[in-house]
Amino acid sequence: MKKKTVSFVIPCYRSEKTLESVINEIDETMAGMQYDYEIILVNDGSPDNTWGKIREIAGKRTDGRVFGITFAKNFGQHAALMAGLKQTKGDFVICLDDDGQTPANEVGKLLAALEGDSDAVYARYGHKQHNLFRNFGTAMNEWMASVMLGKPKDLFVSSYFGVRRFVVDEMVKYDSSYPYVIGLVLRSTKNIVNVDVNHRKREVGTSGYTFAKLLGLWINGFTAFSIKPLRIATLSGSIFAFLGFLYGIYTIIKKFVNPNVPVGFSAMMSAIIFIGGMVMLMLGMIGEYLGRVYISQNKNPQYVIRETTECEEE
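Only a predicted model underlies this, so the values are computations on that prediction, with no experimental measurement involved.

*Asks:* For the overall build of the chain, give the residues involved together with the corresponding values.
*Replies:* Summing up its helical and strand segments, the chain has 11 helices and eight strands in all. Sorting the 314 residues of the chain into buried and exposed places 45% on the buried side. Long-range pairs, those at least 24 residues apart, make up 84% of the contacts in the chain with a sequence separation of at least 6. Summing over all exposed atoms, the chain offers an accessible surface of approximately 16,700 Å²; the carbon and sulfur share of this is 59%.

Structure below.
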């Protein structure tokens, strides 16, 4: 009977010092399991020698299990995941980080869930070892996915997850400029579970997520896969218009009842500034959607592959 294949996808950024230990841990773990496997490493325009390390790792292998890709510039983690997913051939696909914080030696828990009835599985951490800023970013991302994308509130999403082949095949059909992997999983299946794993401390370096990158990720999430912000804008506009109408009636009645009472200039200016700010916010939201449509229509690429390790072998 042919063994099932597991594809590991690892986005890489500033990981020249940690990547080899992650690969070694995958090799050691999979040696004790009844699966064949492959490892896809995607260098997301890292400024250090990460691509050199990927080439070195792939060059040492005689089993052909490691395949490396490098981008022409930094396109972001989700673009790197999409590039890796498109290269996979496995029955199951496992995505994890390049810094060793996501424990490759606990991949059996994710595979057991996929071997059952689950279409997708996310690792859930009892105690996260990220810094306060990164934990805040994760919490905001969880809230956004729940409110905008319909993620079940009891489902924890993380960068360590696994999906079945048919889910991957559906995800890679998305070719727009703004990939958001969580949204792609949620729109492909609702049969998603959590498994508990440990989360390790970062031994080397710092997180590649800055505030600007996290903000871009949140905006991408709710504008690429949801029209709820536009519906919120419509509802907010209706509410404020109705309140303005009521306030206008109140002002007229008050003037008739007591003509000597002056109409408050400061109150009027506060209302104008507040409502004007809301209008500008909603117009900005609409502009964000239109801008993304424009960029997508111009075929802006998700990523550009500069080189692969397969090219070197040829």
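*Asks:* Summarise the environment of Ile-275; cite the residues concerned and give the values.
*Replies:* Mapped onto the elements of the fold, Ile-275 is located in helix 10 (residues 265–297). Sequence separation between Ile-275 and Gly-237 is 38 residues, and the spatial gap between their C-alpha atoms is 8.9 Å.

*Asks:* With reference to specific residues and values, describe the nonpolar core.
*Replies:* Ranked by internal contacts, the top residues of the largest apolar core, which has 35 residues, are Phe-8 and Ile-10. Breaking this core down by element, the ones donating at least two residues are strand 1 (5–12), helix 1 (19–31), strand 2 (36–43), helix 2 (50–60), strand 4 (92–95), helix 4 (107–115), strand 5 (120–125) and strand 7 (192–197). The contacts of Ile-10, once residues within four sequence positions are left out, are Leu-19, Val-22, Ile-23, Ile-26, Ile-39, Ile-40, Leu-41, Val-42, Leu-96, Asp-97 and Asp-98. In terms of nonpolar packing, the next biggest core, distinct from the first, is built from 32 residues, Ile-69, Ala-80, Ile-182 and Ile-192 among them.

*Asks:* Before we move on, can you summarise the sheet that holds strand 3 (residues 66–71) with the specific residues and values?
*Replies:* In space, the eight strands of this open sheet follow the order 7-5-6-4-1-2-3-8, with mixed pairing throughout. At either margin of the open sheet sits one strand with a lone partner, and together these are strand 7 and strand 8 (305–308). Neighbour-to-neighbour, the strand axes of this sheet turn through a mean angle of 20°, independent of strand direction. With four bridges connecting them, strand 1 and strand 4 associate as parallel partners.

*Asks:* Describe the pattern of salt bridges, naming the residues involved and giving the relevant values.
*Replies:* Considering all chains together, one arrives at 15 salt bridges under this definition. With a shortest N-O distance of 2.8 Å, Arg-61 and Asp-27 are connected by a salt bridge. One end of the pair, Arg-61, is in the loop between helix 2 and strand 3; the other, Asp-27, is in helix 1, with 34 residues separating them in the sequence. The class of Arg-61 is buried, set by a relative accessible area of 19%. One salt bridge connects Glu-170 with Lys-173, and the closest N-O pair in it is separated by 3.1 Å. Salt bridges linked by common partners bring Asp-27, Asp-36, Arg-61, Asp-63 and Arg-65 together as one network.

*Asks:* I'd like a rundown of the packing of aromatic side chains, residues and numbers included.
*Replies:* Evaluated as defined, the whole model comprises five aromatic pairs. Ring plane angle 25° and centroid distance 5.2 Å describe the contact between Tyr-122 and Phe-161, whose orientation is recorded as stacked. Of the two residues, Tyr-122 is situated in strand 5 and Phe-161 in strand 6 (residues 161–164); the sequence distance between them amounts to 39 residues. You can call Tyr-122 buried: its relative accessible area is 2%. Judged by relative accessible area, Phe-161 falls into the buried class, the value being 3%. Members of the aromatic cluster, each reached through a chain of ring pairs, are Phe-71, Phe-75 and Tyr-303. The lysine or arginine in question, Arg-65, covers the ring of Tyr-37, its NZ or CZ lying 4.2 Å from the ring centre.

*Asks:* How would you sum up helix 1? Please name residues and give values.
*Replies:* Residue pairs spaced three or four apart in an α-helix point in one direction, given the helix's 3.6 residues per turn. Given a rise of 1.5 Å per residue, 13 residues ought to cover 18 Å, and the 19 Å separating the end C-alpha atoms of helix 1 matches this to within 8%. The complete set of buried residues in helix 1 reads Leu-19, Val-22, Ile-23, Glu-25, Ile-26, Asp-27, Thr-29 and Met-30. In the core, the buried residues of helix 1 are packed alongside strand 1, strand 2, helix 2 and helix 4.

*Asks:* Explain a nonpolar patch on the surface residue by residue, including any values.
*Replies:* Among the surface-exposed residues, Leu-235, Ile-239, Phe-242, Leu-243, Leu-246, Ile-249, Ile-253 and Val-257 lie close enough to one another that they form a single nonpolar patch of about 760 Å² accessible area. Structurally, Leu-235 is set in helix 9 (residues 228–257). Accessibility expressed as a relative area gives 53% for Leu-235, which makes it exposed.

*Asks:* Residue-level account of the side chain of Thr-309, with values.
*Replies:* Looking at the secondary structure, you find Thr-309 in helix 11 (residues 309–313). Here Gly-68 takes part through its backbone nitrogen, which lies 2.9 Å from a polar atom of the side chain of Thr-309. For Thr-309, the residues in contact, after removing those within four places along its chain, are Trp-51, Ile-54, Arg-55, Ala-58, Val-66, Phe-67 and Gly-68.

What counts, and at which threshold
Sequence order sets the numbering: in each chain, residues are counted from 1 along the sequence as written. Given that the model is predicted, a residue must reach a pLDDT of at least 70 before its local features are reported, and side-chain atom pairs must reach 80 or more before they are shown or counted; all residues, however, enter totals for whole chains, interfaces and linings. Excluded from the side-chain calculation are hydrogens and water; included are all heavy atoms of the structure. Working definition: helices are DSSP H or I runs of at least four residues, strands are E runs of at least two. Numbering for both runs from the N terminus. For the exposure calls, accessible area comes from a 1.4 Å probe over protein chains only, and a residue counts as buried if that area is under 20% of its type's maximum, exposed if over 50%, partly exposed in between. Only heavy atoms enter the contact rule, under which two residues are in contact if any of them lie within 4.5 Å. With residues, only the protein chains shown are counted as cover, and all accessible areas are computed by Shrake-Rupley using a 1.4 Å probe. Residues grouped as a nonpolar core are buried Ala, Val, Leu, Ile, Met, Phe, Trp, Tyr and Cys residues, joined through side-chain atoms within 4.5 Å. Whether two strands pair depends on DSSP finding at least two bridges between them. Axes, fitted as lines to C-alpha atoms, cover a helix only where it is in contact. Angles between the N-to-C directions of the axes lie from 0 to 180 degrees. What makes a salt bridge here is a side-chain nitrogen of Lys or Arg within 4 Å of a carboxyl oxygen of Asp or Glu, nothing more. Stacked, tilted and edge-to-face are the three classes applied to pairs of Phe, Tyr and Trp rings, where Trp contributes its six-membered ring and a pair requires centres within 6.5 Å; stacked means planes under 30 degrees apart, edge-to-face means over 60, and tilted covers the rest. A positively charged side chain is recorded as over a ring if its NZ (Lys) or CZ (Arg) lies within 6 Å of the ring centre. The angle to the ring normal must also be within 35 degrees. A helix is expected to span 1.5 Å for every residue after the first. Each patch groups residues whose relative accessible area exceeds 30% and which form no salt bridge, using 9 Å between like charges and 5 Å between nonpolar side chains of Val, Leu, Ile, Met, Phe, Trp and Tyr. Nitrogen and oxygen atoms within 3.5 Å of one another constitute a polar contact, given that in protein one can donate a hydrogen and the other can accept it, and given that sequence-neighbouring residues count only through two side-chain atoms.

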